[in-house]
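# Working through the structure, step by step
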Amino acid sequence: MITTITLNLALDKTYFLSNFQKGKTNRIKQVHEEPGGKGINVAKVLQALGYEVKVSGFSGGFNGLKVQKLLNERSIPHRFIQIEDESRECLNIMADGNGQETELLEQGPTVHQAKWGELCQLVHQLASQSEFVVLSGSLPKGVPINAYGQLIKIIDHAKAKAILDTSGEPFQAALSEKPFLIKPNEPELMNWLGKEKLSRQEMIRAAEKLLDLGIPHVCLSLGANGALYIGEEGQYSLTPPLLEVKNTVGSGDAMVAGLTAGFLSNLSIEQTLKLGVACGMSNALHLYAGCIKTSDIKSFQAEIKIEKLS
Ligand SMILES: Nc1ncnc2c1ncn2[C@@H]1O[C@H](COP(=O)(O)OP(=O)(O)O)[C@@H](O)[C@H]1O
Ligand SMILES: O=P(O)(O)OC[C@H]1O[C@](O)(COP(=O)(O)O)[C@@H](O)[C@@H]1O
């Protein structure tokens, strides 16, 4: 089983409108709601790929209940720690007039210390029943900045493998606990290095630095440019074909799901990386985060160019 942890759950709302104009009144044509937050998206993709998943994290208020209802409708099992504060809403504005996606991500609720203790106990329990535990997304207020580091220790003790996809300080603080795999995107890597631009060579060197810290698998996601893998199984570059994308929100999460699935199924590293890239691609062809079409995955895998760098 794979457990995904979403500490900062989200009711993901997509607003469709003809043209989004900053500083003007904008009227929404259509609204769509999805259960969200990065770990939830990972679970949706894993379920579509046919894997047994469970989701956990903190859930609060009306938005938390709504997410749980939407998970029930999809038969995705969940076990959340209930909190008093309201879980957040995240907005994705899709304007067909200017073809751009704009994301507005709320900071999220405040979690009290006692609830953090309860969550740690629950993660231990779930990790004991899982091969992999995926830790994704931002932290709500009130949890320790090294929350993911603490959870990785717990997951290690339970003999499961931790996969980490987060950014900023929570990312930096967790690295010393050596997660099994990390998947930073380009902005996240630049943020870690305190740089505003990175050449391909600099990205490879940064990933090698992460490998030196003892992280066995580093997969850098590069949007339309594909991905770079630097890890104990070598160095690879993956390039997807040109796509007419609909919405790339959630592509990183879909990629994490594909990579986790590949490792769990003991696929070769080449097949695992292609599965990750193919899931990211399929997500980008759908309007909503965490949606893929399994029938596309095989054909995409054949179209992805993979090059062994060393
Ligand atoms: N425009 C695109 N064309 C083709 N593949 C894409 C595109 N955007 C994303 N993907 C796929 O999804 C993966 C993750 O996307 P990325 O945008 O890097 O992640 P994140 O959502 O974390 O920023 C990419 O590595 C790639 O495989
Ligand atoms: O926890 P964070 O980092 O605030 O991110 C939350 C948001 O990220 C998303 O999962 C999309 O993430 P990616 O595009 O990076 O895969 C949204 O669905 C969600 O609302």
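Residues numbered from 1 in each chain as written. Chains lettered and ligands numbered in written order. Predicted model: local features only at pLDDT ≥ 70, side-chain atom pairs only at ≥ 80, totals over all residues. Heavy atoms only, no water.

Put simply, the rule reads: UniProt positions are given in the numbering used here, feature names are shortened, and annotations may be inferred rather than shown by experiment.
Named according to an unreviewed UniProt entry, the protein is Tagatose-6-phosphate kinase originating from Alkalihalobacillus alcalophilus ATCC 27647 = CGMCC 1.3604. The Function (unreviewed entry) field of the UniProt record for the protein holds the comment "Catalyzes the ATP-dependent phosphorylation of fructose-l-phosphate to fructose-l,6-bisphosphate."

## So, the site of ligand 2
Defined as follows: The criterion for a residue being near a molecule or strand is simple. One of its heavy atoms has to lie within 4 Å of it. What qualifies as a polar contact is a pair of N or O atoms within 3.5 Å, subject to a donor-acceptor requirement within protein and to the restriction that residues adjacent in sequence count only when both atoms come from side chains. Only the protein chains shown count as covering a residue, and every accessible area follows the Shrake-Rupley method with a 1.4 Å probe.
By nearness alone, 14 residues border ligand 2, and Asp12, Arg88, Ser138, Gly250 and Asp253 come closest of all. Side-chain polar atom of arginine 88 to an oxygen atom of ligand 2: 2.9 Å apart, as the coordinates give it. Between ligand 2 and aspartate 253, the relevant distance is 2.9 Å, taken from an oxygen atom to a side-chain nitrogen or oxygen of the residue. Isolated, ligand 2 exposes 490 Å² of accessible area, and the fraction of that covered by the protein chains is 87%.

## Observations concerning the site of ligand 1
To be explicit about the condition: Working definition: helices are DSSP H or I runs of at least four residues, strands are E runs of at least two. Numbering for both runs from the N terminus.
In the region of ligand 1, 17 residues are neighbours, and Asn185, Ser221, Gly223, Gly226 and Gly252 sit closest. In this structure, an oxygen atom belonging to ligand 1 sits 2.8 Å away from a side-chain N or O atom of serine 221. If you list the elements that add at least two residues to the shell around ligand 1, you get α8 (251-264) and α9 (269-284).

## Examining the sheet that holds strand β6 (residues 88-95)
Here is the rule we go by: Only when DSSP finds a minimum of two bridges between them are two strands counted as paired. To get an axis, a line is fitted to the C-alpha atoms, and for a helix only the part in contact is used. The angle between two axes follows their N-to-C directions and goes from 0 to 180 degrees. The criterion used for residue contact is that any of the two residues' heavy atoms lie within 4.5 Å.
A sheet is described by the order of its strands in space; here 4 strands give the open sequence β3-β2-β6-β7, paired in mixed fashion. A strand with exactly one partner marks an edge of an open sheet, and here the two such strands are β3 (30-36) and β7 (100-105). For this sheet, the mean angle separating the axes of adjacent strands, direction not counted, is 20 degrees. Of the pairings in the sheet, the one linking strand β2 (residues 10-17) to β3 comprises 7 bridges and is antiparallel in character. In the strand pairing of β3, phenylalanine 16 is matched with glutamine 30. Across the sheet, helix α1 (residues 38-48) is in contact with β2 and β3; its angle to β3 comes to roughly 85 degrees. With respect to the sheet, helix α2 (residues 61-73) is in contact with β2, β3 and β6, its orientation differing from that of β3 by roughly 85 degrees.

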